[in-house]
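# Coordinate analysis (summary)
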Amino acid sequence: MVFSHSRLETFESCALKFKYQYIDKVEIPKRDSIEAFLGSRVHDVLEELYKHKLMGKTWTKDEFLKYYFDLWEKEKHDEIFIVKKQYTIDDYYRQGLEALSKYWERYYPFESEKTIALEQRVYLSLDDGDRYRIQGFIDRLSKTPAGVWQIRDYKTKRKLPTKEEADKDRQLALYQIGIQKMWDNTEKVELIWHYLLFDEEVKSVRSKKDLETLKIDTIHTIQEAEEAIKTDNFPYRESALCDWCDFFDICPAKKHLALILPLAPKEFKEDEGVVLADRYSELHAKRYELKQQIAAIEEEMTIVEEEIVRYALQFGMTRIYGSNRALNVKVEETFRLPTNSIKSERPQREQLETYLKNSGIWQDVSQLTPARLVNLFEAGTLQPKLQTGLSKYLIPHVVKQVRPGSTKDYDENFEG
Ligand code: SF4
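Overview of the structure. In this text the structure is predicted, and so the values were computed from the model without any measurement. (Residues numbered from 1 in each chain as written. Predicted model: local features only at pLDDT ≥ 70, side-chain atom pairs only at ≥ 80, totals over all residues. Heavy atoms only, no water.)

Within a regular strand, side chains alternate between the sheet's two faces. Taken together, the five bridges between strand 4 (residues 189-195) and strand 5 (residues 200-204) define a ladder with antiparallel strand orientation. Across the sheet, the residue bridging to Tyr195 is Glu200, located in strand 5. Linking strand 4 back to strand 5 in an antiparallel pair, the connection comprises four residues, with Asp199 at a positive phi of about 55 degrees. (Pairing = 2+ DSSP bridges. Helix = DSSP H or I, 4+ residues; strand = E, 2+ residues; numbered from the N terminus.)

On to the site of the ligand. The ligand sits among Cys14, Lys17, Tyr236, Arg237, Glu238, Cys242, Cys245, Cys251 and Lys254. Classifying every residue of the shell around the ligand by side-chain character gives five nonpolar, no polar and four charged. (Near = heavy atom within 4 Å. Nonpolar A, V, L, I, M, F, W, Y, C, P; charged D, E, K, R; others polar.)

Turning to the packing of helix 1 (residues 5-13) against helix 8 (residues 208-231), a few remarks are in order. Between helix 1 and helix 8, the shortest axis-to-axis distance is 10 Å and the interhelical angle comes to 65 degrees. Relative to helix 8, helix 1 is oriented so that their crossing is left-handed. Counted together, Leu8, Phe11 and Glu12 of helix 1 and Thr218, Thr221, Ile222, Glu224, Ala225 and Ala228 of helix 8 form the full contact between these two elements. Class assignment of the residues belonging to the contact of helix 1 with helix 8 gives a composition of five nonpolar, two polar and two charged. (Axes fitted to C-alpha atoms, helices over the stretch in contact; angles between N-to-C directions. Left-handed = near helix turned anticlockwise from the far one by under 90°. Contact = heavy atoms within 4.5 Å.)

Take empty space enclosed by the protein next. By the definition in use, this model includes two cavities of 30 Å³ or more. Estimates place the volume of the largest cavity at around 50 Å³. Along the walls of the largest cavity sit Ala99, Tyr103, Arg106, Tyr107, His194, Tyr195, Leu196, Asp199 and Glu200, which together make up its complete lining. Elements supplying a minimum of two residues to the lining of the largest cavity: helix 5 (89-107) and strand 4. Across the lining of the largest cavity, the residue classes break down as five nonpolar, one polar and three charged. Here the second largest cavity is characterised by a volume of approximately 40 Å³. Forming the boundary of the second largest cavity are His43, Leu46, Glu47, Tyr50, Leu118, Glu119, Asp139 and Tyr154. Where the lining of the second largest cavity is concerned, the elements lending two or more residues are helix 3 (34-54) and strand 1 (114-125). (1 Å grid on protein atoms, 1.4 Å probe; cavity = no way out; pocket = protein on both sides within 12 Å on 5 of 7 lines; lining within 4 Å. Points joined across faces, edges and corners; volume = space filled by probe spheres on them.)

This part covers the sheet that holds strand 4. Taking strand neighbours across the sheet as the criterion, the five strands line up as 1-2-3-4-5 in an open arrangement whose pairing is mixed. With partners counted over all chains shown, the strands left at the sheet margins are strand 1 and strand 5, one partner each. The sheet shows a mean angle of 35 degrees between the axes of neighbouring strands, direction not considered. As judged from the seven bridges shared by strand 3 (residues 149-155) and strand 4, these two strands associate in the parallel manner. Across the sheet, the residue bridging to Asp153 is Trp193, located in strand 4. Along the sheet, helix 7 (residues 171-182) makes contact with strand 1, strand 2 (133-143), strand 3 and strand 4, crossing strand 1 at roughly 95 degrees.

A few words now on the packing of aromatic side chains. Applying the stated criterion to the full structure yields 22 aromatic pairs. A centroid spacing of 5.3 Å and a plane angle of 40 degrees characterise the contact between Tyr20 and Phe247, whose relative ring orientation is tilted. Of the two residues, Tyr20 is situated in helix 2 (residues 15-23) and Phe247 in the loop between helix 8 and helix 9 (255-260); the sequence distance between them amounts to 227 residues. Comparing Tyr20 with Phe247, the two get one shared label, buried. Over the face of the ring belonging to Phe37 we find Arg41, whose NZ or CZ atom lies 4.7 Å from the ring centre. The ring of Tyr50 carries the charged tip of Arg140 above its face, separated from the ring centre by 3.7 Å. (Phe/Tyr/Trp six-rings, centres within 6.5 Å; stacked < 30°, edge-to-face > 60°. Buried < 20%, exposed > 50% of the residue type's maximum accessible area, 1.4 Å probe, protein only. Lys NZ or Arg CZ within 6 Å of the ring centre and 35° of its normal.)

For the rest of this paragraph, the subject is the side chain of Lys155. Summarising the element assignment, Lys155 is placed in strand 3. In contact with Lys155, not counting residues within four places along its chain, are Gln171, Trp193, His194, Tyr195, Leu196 and Leu197.

On to the pattern of salt bridges, then. Side chains that carry opposite charge are capable of pairing whenever their charged atoms lie near each other. The full count for this structure, using the stated rule, is 34 salt bridges. Note that Glu111 and Lys53 form a salt bridge whose closest N and O atoms lie 2.9 Å from each other. In this pair, Glu111 is assigned in the loop between helix 5 and strand 1 and Lys53 in helix 3, connecting sequence segments 58 residues apart. You can call Lys53 buried: its relative accessible area is 17%. Between Glu201 and Arg152 there is a salt bridge, with its nearest N and O atoms 4.0 Å apart. Here Glu201, found in strand 5, pairs with Arg152, found in strand 3; they are 49 residues apart in sequence, far enough to count as distant. Taking relative accessible area as the criterion, Glu201 reaches 21% and is therefore assigned partly exposed. Overlapping salt bridges, with partners in common, bring together Glu113, Arg140, Arg152, Glu190, Glu201 and Lys203 in one network. (Salt bridge = Lys/Arg side-chain N within 4 Å of Asp/Glu carboxyl O.)

Written out as structure tokens, the structure reads:
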């Protein structure tokens, strides 16, 4: 697979989404979010502006903004979804309009640098053997009169990155590696992000050392993705981005939510999953309440036990009689070992274990912890001989676990 920054970014944000999108190539109607729609339209308009500029024609502001309006109207469709329900599609249109308007005012007549290419394809190898390859597209590549090459990217995100974040950004720095192989005299390069909604330029300059480190880090990420492909291991990772994920309806973590979100309150209450989850939550709450009560009882029992022992010792008794049952009291002096569960005793515990191991009696007194042994086996960290020997004793087992989760999804998505 030839990777791209966005493929790697998808893998890092959610491996399951990466699998759906790039491995299984699941055919699913794409959910066109208003954020993606706005981003595409603004990109299209800026691309068109500079295409004209390359042909020696400079748009007036009216032409520029009219092109945006016409394009928006032409591409607009009913399937665009808006996560932030308090806003309408027109609100997003106006944001784009204002951003483009400010862009025009700031850069007109668009001549402080020369545009070299638009939507420039970049293809690069991260290693000498051409084993790790990356491809991508530069929104606009330009060059200043002083000979500085500028890799420009348009953003319509609502978060302005800090200088530190920009200096860590991978995408444009990878493109820098690419263009430095594609053209001569490209020693001086600037990475520029146009954060259009803020009317801000964010810049970053990378040294040779930065780029070498980036290559190594990117190869590691590619290796992780390749390992996931090889072992078919793609855990999902939920985040705020799930609301914009094309695979929301088929993702195991979200598909039930996708099913119940459109239901009317009555249908919702009758849904089998909802019924089961509600019943479980009810029992869980009851158990919690009982546990609290038991904890309070145990606390009181400890105090009463102390009193009983004091009373028995005071009067030299070993049995105390109550109305319905007698209590046997035994006070015996013995020892106990330091335990890991008490923080202050942990160093002593460690020393004890070392002592027992050195004395050769550890085998006799330590206990086999099955869960730990299975973990070591699954991680493949045991010695090969032990790994093989142990595999004979392992019984296939399906762990079924139900644990109550948070109600976050409901807070954010469910209004029923
Ligand atoms: S909905 Fe979220 S967790 Fe599920 S695949 Fe998409 S990004 Fe991953």
